[in-house]
Amino acid sequence: MVAKHALEQRNKYASWLDEEDAVVVANALLIIIGRALNMLKSQIEAQGKNFEENGGFGERLMARHLEAREQQRSADAPECPQCSKPMRRRKSAKGDFWGCSGFPDCKGTRAI
Ligand SMILES: [Zn+2]
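Residues numbered from 1 in each chain as written. Predicted model: local features only at pLDDT ≥ 70, side-chain atom pairs only at ≥ 80, totals over all residues. Heavy atoms only, no water.

Here we look at the sheet that holds strand β3 (residues 109-111)
Read across the sheet, 3 strands follow the order β1-β2-β3 without closing on themselves; strand pairing throughout is antiparallel. Where the open sheet ends on each side, the last strands, each with one partner, are β1 (87-90) and β3. Across the sheet, the axes of successive neighbouring strands diverge by a mean angle of 30°, strand direction being ignored. (Pairing = 2+ DSSP bridges. Helix = DSSP H or I, 4+ residues; strand = E, 2+ residues; numbered from the N terminus. Axes fitted to C-alpha atoms, helices over the stretch in contact; angles between N-to-C directions.)

The following block contains the structure:
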């Protein structure tokens, strides 16, 4: 995208860039650089606006995490056999099971 833009600028200013007069070439280069800086500025502004609207990566990750966590709380969750707190559905290599929401203080589990 940026490279394409740069090539377009090169073509647009070709006649000045190929000029014999070094001052004309220098001026053309300065104009191109100025335009490139403007383009970068608007890209950075767009990124800032996007961040304002959608939040950063970490924020979106946290939202997904909370969502996944909420899904672990099901209405039909049993009580912990050891402390009576509600249980959460957990995943392990051996399969799903109910684990105490008080984990790690309570290690109570139930089979699903
Ligand atoms: Zn418990």
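That was the structure; now back to the text.
Description of unusual backbone geometry
Residue P104 is bonded to the preceding F103 through a cis peptide linkage, with omega at 10°. Turning to its location among the elements, P104 is positioned in the loop between β2 (97-100) and β3.

A look at the coordination of the zinc ion
Protein coordination of the zinc ion is provided by C80 (SG), C83 (SG), C100 (SG) and C106 (SG), with donor distances spanning 2.2 to 2.3 Å. Along the chain, the residues donating to the zinc ion are arranged with the sequence spacing C-x2-C-x16-C-x5-C. One end of the pair, C83, is in the loop between α4 (57-72) and β1; the other, C106, is in the loop between β2 and β3, and 23 residues separate them in sequence. (Donors = N, O, S within 2.8 Å, 3.2 Å for Na, K, Ca; no water.)

Digging into the packing of aromatic side chains
Applying the stated criterion to the full structure yields 1 aromatic pair. A centroid spacing of 5.7 Å and a plane angle of 45° characterise the contact between Y13 and W16, whose relative ring orientation is tilted. We classify Y13 as buried; its relative accessible area is 9%. Residue W16 is classed as partly exposed on the basis of its relative accessible area of 44%. (Phe/Tyr/Trp six-rings, centres within 6.5 Å; stacked < 30°, edge-to-face > 60°. Buried < 20%, exposed > 50% of the residue type's maximum accessible area, 1.4 Å probe, protein only.)

Some points on the pattern of salt bridges
Taken as a whole and assessed by the stated rule, the structure comprises 5 salt bridges. The salt bridge involving K4 is made with E8; its shortest N-O contact spans 3.3 Å. Taken together, the positions of K4 and E8, both in helix α1 (residues 2-12) and 4 residues apart, correspond to about one turn of that helix. Judged by relative accessible area, which is 56%, K4 ranks as exposed. With relative accessibility at 41%, the residue E8 sits in the partly exposed group. (Salt bridge = Lys/Arg side-chain N within 4 Å of Asp/Glu carboxyl O.)

A look at the pairing of β2
Taken together, the 4 bridges between β1 and β2 define a ladder with antiparallel strand orientation. Paired with M87 across the strands is C100, a residue of β2. Hairpin connection, β1 to β2: the antiparallel pair is bridged by 6 residues, and G95 has positive phi, about 120°. Sheet topology places β2 next to β3; 3 bridges connect them, and they run antiparallel. In the sheet register, G99 faces β3, and the bridge partner there is T109.

Topic: the domain arrangement of the protein
As a measure of interface size, the accessible area lost when the parts come together is often cited. One can read the domain layout of the protein as domain 1 (2-54) and domain 2 (57-111). If you average the C-alpha positions of domain 1 and of domain 2, the two centres end up 54 Å apart. (Domains from an automatic or database assignment.)

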